Amino acid sequence: SAPHGTSAVIEQATASIMQTSHERFETAQAMLVKALTEDPDNVDIAVSLAALQLRSIQMVWYSPADSAAARASARATLEHALRVKPDSIPVLEAYCRFLSVTTEFVDSLVACAKTLSLDPWDGMALYHIGLAQIQLGRFEDALASFRQADRFNTPEVSRWTWLLGAGWVDVLLERNEE
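What comes next is a walk through the structure.

The rules behind the values
Residues numbered from 1 in each chain as written. Predicted model: local features only at pLDDT ≥ 70, side-chain atom pairs only at ≥ 80, totals over all residues. Heavy atoms only, no water. Helix = DSSP H or I, 4+ residues; strand = E, 2+ residues; numbered from the N terminus. Contact = heavy atoms within 4.5 Å. Areas by Shrake-Rupley, 256 points an atom, 1.4 Å probe, with all protein chains shown as cover. Disulfide = S-S within 2.5 Å. Buried < 20%, exposed > 50% of the residue type's maximum accessible area, 1.4 Å probe, protein only. Salt bridge = Lys/Arg side-chain N within 4 Å of Asp/Glu carboxyl O. Phe/Tyr/Trp six-rings, centres within 6.5 Å; stacked < 30°, edge-to-face > 60°.

Helix and strand counts for the chain come out as nine helices and zero strands. Secondary structure elements of the chain, listed N to C terminal, follow the sequence α-α-α-α-α-α-α-α-α. Looking at the chain alone, contacts between residues at least 24 apart form 50% of all its contacts between residues at least 6 apart. Within the structure as shown, the chain displays about 9,500 Å² of accessible surface, and the carbon and sulfur contribution to it stands at 56%.

Okay, here's the thing in structure tokens:
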């Protein structure tokens, strides 16, 4: 279980960015950096900080130089968390997503496959595997990954992403009617 305070800091940081303003992002990042500095082996905080940094990179809230620094920080944070808890599904999921978002598709396939080795029904990992397979030109494999994720139906709120991925592959394979 998470040490006292871990849940609170993650909850407060998440609440700070729910309105997706730059100011709330800065507040959330400061809270998480402080908490991780005080407890450097806390993988829950590490995952939350890396996820926040990825989101802000995607929303272009960093300058180009700061974006590169945030990417390096997120990588270092997640790689440290992997050393601390190499079989933690949340850490593996975050690293899988990080590699996918940073377009490191071959490495993403490996990290996401490790996630699946621990949780074969992990829809997020299957989704990122499908995305990587598309980027690597492995369209039939991607279609199979998206269809498998859709069959597992986990989590239900994300079902549209599997269908979107499968539709994208069908278009790339010129199967527009499907």
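Alright, that's what it looks like, and here's the rest.
Bringing the state of the cysteines into the picture now. Two cysteines, two sulfur atoms, one covalent bond between them: this is a disulfide. Going through the model one piece at a time under the given rule, you end up with one disulfide. There is a disulfide in this structure between C96 and C112, and the S-S distance comes to 1.8 Å. Between C96 and C112, the disulfide has an S-S torsion of 85° and is therefore right-handed. Residue C96 is located in helix α5 (residues 89–101), and its partner C112 is located in helix α6 (residues 105–118); the two are separated by 16 residues in the primary sequence. With respect to burial, C96 and C112 carry one shared label: buried.

Throughout the structure, instances matching the rule amount to six salt bridges. One salt bridge in this structure joins R138 and D141, with 2.9 Å as the shortest N-O distance. We classify R138 as partly exposed; its relative accessible area is 35%. In the salt-bridge network here, residues are joined through shared partners; they are R75, E79 and E104.

Evaluation of the coordinates by the stated rule reveals three aromatic pairs. Ring geometry for F25 versus Y62: centroids 5.5 Å apart, planes at 85°, classification edge-to-face. In this pair, F25 sits in helix α2 (residues 22–38) while Y62 sits in the loop between α3 (43–58) and α4 (64–84), placing the two residues 37 residues apart along the sequence. Exposure remark for F25: the relative accessible area of 2% places this residue in the buried category. Judged by its relative accessible area of 14%, Y62 is buried. Consider the rings of Y127 and F146, whose centres lie 5.8 Å apart with planes at 55°: the pair is tilted.

Treat this as a map of the structure, not an account of what it does.
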